Amino acid sequence: MRQPNGQNFLVDKNIAHRIIESAEISKQDLVIEIGPGKAALTDILKDYTDNLIAVDIDPNLTADLQIKYKDNKNITVINKDFLKYELPDKPFKIVANLPYNVGTAIVQKFLPNGNFVSAVIMLQKDVILRLLSKEGTKDYGYISLFRQYYADGKFLFDVSPGCFNPKPKVMSAVAKFVNKKPQEPNMNLFPLIKHFFSMRRKNVLNCLSTYLKTDKNKTAEILNTCGIDVMLRPDKLTLGQYQKIVSVL
């Protein structure tokens, strides 16, 4: 049966333990679990931390969890869309089997937060690969660079469809992200990257010219100043090269 909010509930306890052990949680850590669902991770997490916040968009699942943990003062269950949830004003870690239909949006919400410490998340494998990919690879794109700016990332392990109910049609994977605590990005950095990858088959001369709405001679001068070959495509540029471009605009 298809779930209304894109959930594929984890049922494999070994995978659940591997996810949580990878998060390196201490009793004092504030941990946020996104989309606890039927508590496969929650039931284990409660023994690792004294401060667990479980946020789920589904009112029925939330009600069940609130009843289940009503006597546990260390667990707070909140019925809310995580994309509208106000993140804590103190350091927190994230552990989650993310709903696949909004997983990328959720990652883009917590990565830039200054109080985010680390996250161990499960998503469909192709999204994990895009988050972790490097320049020159087929999976490299806007979200790869967004992640690179804010956090170090590491692929942990694959998770097969048989570990879920209902079974997804794709492979899943788990990755860990650790906050790099960067400075605020140049205001042009991510708009420029997004624009470049909307024209990913064009060369960077064309991409930058249309972004700046200026002629190609002036655009070529900017790229030459940055030491960037005007014929490269967007997926060949590193984060550092994108930062170099916006620094001279």
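In this report, we go over the structure that sits alongside the text. (Residues numbered from 1 in each chain as written. Predicted model: local features only at pLDDT ≥ 70, side-chain atom pairs only at ≥ 80, totals over all residues. Heavy atoms only, no water.)

### Comments concerning the pattern of salt bridges
Inclusion rule: Counted as salt bridges are all cases of a side-chain nitrogen of Lys or Arg within 4 Å of a carboxyl oxygen of Asp or Glu. The numbering of helices and of strands both runs from the N terminus, where a helix is a DSSP run of H or I of at least 4 residues and a strand a run of E of at least 2.
Tallying each qualifying case throughout the model produces ten salt bridges. Between lysine 27 and aspartate 50 there is a salt bridge whose closest N-O contact spans 3.7 Å. Here aspartate 50 lies in the loop between helix H2 (42-45) and strand E3 (51-56) and lysine 27 lies in the loop between helix H1 (13-22) and strand E2 (30-34), a separation of 23 residues in the sequence. Lysine 93 serves as the salt-bridge partner of aspartate 29, at 3.1 Å between the closest nitrogen and oxygen. In this pair, aspartate 29 sits in the loop between H1 and E2 while lysine 93 sits in strand E5 (residues 92-97), placing the two residues 64 residues apart along the sequence.

### Some remarks on the packing of aromatic side chains
Selection rule: Between 30 and 60 degrees the pair is tilted, below 30 it is stacked and above 60 it is edge-to-face, where a pair is any two Phe, Tyr or Trp rings, Trp via its six-membered ring, whose centres lie within 6.5 Å. The buried label goes to any residue with under 20% of its type's maximum accessible area, the exposed label to any with over 50%, and the partly exposed label to all in between, with areas taken from a 1.4 Å probe on protein chains only.
For the coordinates displayed, the defined rule picks out twelve aromatic pairs. For the ring pair phenylalanine 146 and tyrosine 150, a centre distance of 5.0 Å and an interplane angle of 55 degrees mean the geometry is tilted. Highlighted residues: phenylalanine 146 and tyrosine 150, both in helix H6 (residues 142-150), separated by four residues, approximately one helical turn. By the burial criterion, phenylalanine 146 is buried, and tyrosine 150 matches it. The interplanar angle of 85 degrees and the centroid separation of 5.7 Å between the aromatic rings of tyrosine 149 and phenylalanine 190 together place this pair among those described as edge-to-face. Taken as a pair, tyrosine 149 in helix H6 and phenylalanine 190 in helix H7 (residues 189-198) lie far apart in primary sequence, 41 residues in all. For the pair formed by tyrosine 149 and phenylalanine 190, the shared burial category is buried.

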